[in-house]
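Observations on chain architecture
In case you want the letters, here they are:
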Amino acid sequence: MSQPLEDDLNKRRWAEARFRRFFLGQLDLDEAERVAVAAALIPGLSLDMGAAEEELIEQYLDHRLPPDENTAFEAQYLNGWDPDNRAKLRMRQAVRSPQVQQVLHPAKIRPSPLRRQPILGWRTVALAASIVAVIFATLYVVDSHRFDSLLAMFRGRGASGPQKSNLEQPAGLTASGGLILPAASGGLNLRLGKAPQSLAWIVPDYQRQYRLRIDAASGQEIVSEPLTPKDNAIEYSPPNVSALALPWDIFVLGPVGAGQKILAHYTLNP
Amino acid sequence: MNLLPIVSWIKQDSELDVSYDDALEEIISKTTRIAKIYQVKYAPPEKSGLAPRHLVQVAMFCLQRKIFDQYLPPIEPKRIRSIGYLWPIWGRNEITVALDSGKLHAITPLPPENGVLQEREIDGVPYKFKLYSNNTEQQRLAWLHRELEDEARRERGAGPSKRDDQLDEAQQFVDTGSDFGAIDQLFKEWLSITSSGDWQTIENTSRSDTAKERKERSRAAARLMAGYNILCNPLPSGRSKRCLDRLKTAEDADRKGILDEYLRFNPEHGRRTDQRKGTGQ
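These lines cover the structure that appears in this document, whether it is placed above or below. (Residues numbered from 1 in each chain as written. Chains lettered and ligands numbered in written order. Predicted model: local features only at pLDDT ≥ 70, side-chain atom pairs only at ≥ 80, totals over all residues. Heavy atoms only, no water.)

**A few points about the sheet that holds strand E3 (residues 199–202) of chain A**
Residue and element names in this part refer to chain A. Ordered in space as E1-E3-E6, the 3 strands form an open sheet in which the pairing is mixed. One side of each edge strand has no neighbouring strand; the edge strands of this open sheet are strand E1 (179–181) and strand E6 (233–236). On average, each strand axis in the sheet is tilted by 20° relative to the strand beside it, whichever way the strands run. In this sheet, E3 lies alongside E1 in parallel orientation, the contact comprising 3 bridges. Residue pairing for E3: Leu179 is matched across the bridge by Leu199. (Pairing = 2+ DSSP bridges. Helix = DSSP H or I, 4+ residues; strand = E, 2+ residues; numbered from the N terminus. Axes fitted to C-alpha atoms, helices over the stretch in contact; angles between N-to-C directions.)

Written out as structure tokens, the structure reads:
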């Protein structure tokens, strides 16, 4: 190998080893300048650097960055002075969004959330718990009869005999193993040990009908019949749940007759 | 800002099928990272009125003028213009330098080594100099980097940021980063003014892509970024607004072309470049 080529190779390796810290703003200015100049002058390296940046953004969106890198990333891409950085982050988020996924894959809608939430992260748990608390408190205060009926609904339909009341449920779960879907617009990742017997969703308009659609990992796609809200919530028990392997992509569609657009999307992981 | 001459000069060794748009985007994307560093180093963003991509374009424009001034040097009765420090074609094996006595002197043949110290006696006076060739793209880009650094230095204290001016009626969204409902709406609008083909192109990231595929991805990403900036960081010149109006009524298939055209003439050269005419020479 000739000397210039060897030099180029060494410079390339040197620069590649610093890409990550470059994007996280962890290099001093002189070193960052050398990396940027190397990327501009060594053939192909600029594209490699772009790919490394995309990879870093994807890792952030997947919550795969260690805490220190996560902080540094947000300082650069969310709160930094360079508008390009935020635009790059938004672009990767947009690609995952239901809006873009719907256009790219109209036949099979499997959008990913904007930024997947940490599995059973505190926000998810807290949000679900808050929703349950608010629903129950409101209903209790406003109308004890409605409270009873909602409770009955959550306890499961069609079971024979009296249901044993289980007052201590994991947040977001009903006594019968149903899942209360928390409020979300961009997409949300949830985790559950096994497929839920039913799904409940609080509706924005109790006078309209909605559908739920489930895309299971086992390949089945199930769309519910139009669901009429009861006590401001729809509930759906998919048939033959045991055959629907997790993860599920769950879409809330509706209202019926309004183009069936996706109102919310959840990914339910085992 | 017509950058065709400088782009052609830098990319003179490229394959024939490389378009001007692709070549321009490649140069800018390669150089923007350096521009950011120079800005931080010499002209803190809050004191500079130019975004890094703008700065690259300004530097390209200045370099272009330097090069082409040599093709058409102004003639003045009592002044000999210095035309020797940058020459567009090294292959002529000759370069004319201006001496401190005011005379011109042709150095020929050119020294074979690039950037090596030369010592010559001209008219009985010893001179020391270094000549840098520009017969590879790397060397030509290095010229651009030097110009970029000079531009960044000139940017220091250049005035308040344009950001104040950008909050005009053209701005469709303020990306605060925390309002997810607004971000959903932004994505919807962004999608409606860009090409679905570009989203398709950038959807999957893979390190195993060929160079051509990666260039296509880079180009698609540039168009999408332009769409984002039209919505969130519109140019005060009104060009973004006009482009937005065209994009809103265009078919999906036509949006690529409109955004290509937008990128060709933007970021705007606006006030700063106009102010700078006649400087840096």
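**Brief notes about the interface of chain A and chain B**
In this complex, chain A contributes 48 residues to the contact, which on the side of chain B involves 47 residues. Where chain A abuts chain B, roughly 4,200 Å² becomes buried across the two surfaces, and 62% of that area is made up of carbon and sulfur atoms. Seen at the junction of chain A and chain B, the total is 3 salt bridges. For Arg217 of chain B, the salt bridge goes to Glu54 of chain A, with nearest N and O atoms at 2.4 Å. The interface formed by chain A and chain B includes 11 residue pairs in polar contact (both at pLDDT 80 or more). By residue number, the principal contributor to the side of chain A that touches chain B is helix H6 (residues 83–96) of chain A, which donates 12 residues. Its residues assigned to classes, the side of chain A that touches chain B comprises 25 nonpolar, 10 polar and 13 charged. (Contact = heavy atoms within 4.5 Å. Buried area = accessible area lost by both parts, 1.4 Å probe. Salt bridge = Lys/Arg side-chain N within 4 Å of Asp/Glu carboxyl O. Polar contact = N/O pair within 3.5 Å; in protein donor to acceptor, adjacent residues only side chain to side chain. Nonpolar A, V, L, I, M, F, W, Y, C, P; charged D, E, K, R; others polar.)

**Focus: the nonpolar core**
In this structure, Phe22 and Phe73 of chain A together with Ile6, Val7 and Met60 of chain B are the most contacted members of the largest nonpolar core, which totals 56 residues. Contributing elements (two or more residues each) for this core: helix H2 (19–23), helix H3 (29–41), helix H4 (45–61) and helix H5 (67–77) of chain A together with helix H1 (4–10), helix H2 (20–42), helix H3 (52–71) and helix H4 (137–155) of chain B. When residues in this core are grouped by element, the largest group, 10 residues, is from H2 of chain B. If we skip the residues at most four places from it in the chain, Met60 of chain B touches Leu3, Ile6, Val7, Leu24, Ile27, Ile28 and Leu144 of chain B. Counting 33 residues, the second-largest nonpolar core is a separate cluster that includes Trp190, Trp199, Met225 and Ala226 of chain B. (Core = buried A, V, L, I, M, F, W, Y, C linked by side-chain atoms within 4.5 Å. Buried < 20%, exposed > 50% of the residue type's maximum accessible area, 1.4 Å probe, protein only.)

**Overview of the side chain of Glu137 of chain B**
Residue and element names in this part refer to chain B. Within the secondary structure, Glu137 sits in helix H4. A residue is classified by how much of its surface remains accessible, and Glu137, at 18% relative accessible area, is buried. Here Glu137 is in contact with Ile10, Lys11, Asp13, Ser14, Glu26 and Lys30, once residues within four sequence places are set aside.

**A closer look at helix H9 (residues 239–249) of chain B**
All names here are of chain B. Listed in full, the buried residues belonging to H9 are Ser240, Cys243, Leu244 and Leu247. What you see down the axis of H9 is that its buried residues fit within an arc of 105°, all on one side. Exposed side of H9, more than 90 degrees from the buried face: Arg242 and Thr249 are the residues found there. (Arc of directions from axis to C-beta.)

No statement about biological role is implied by the geometric values presented.
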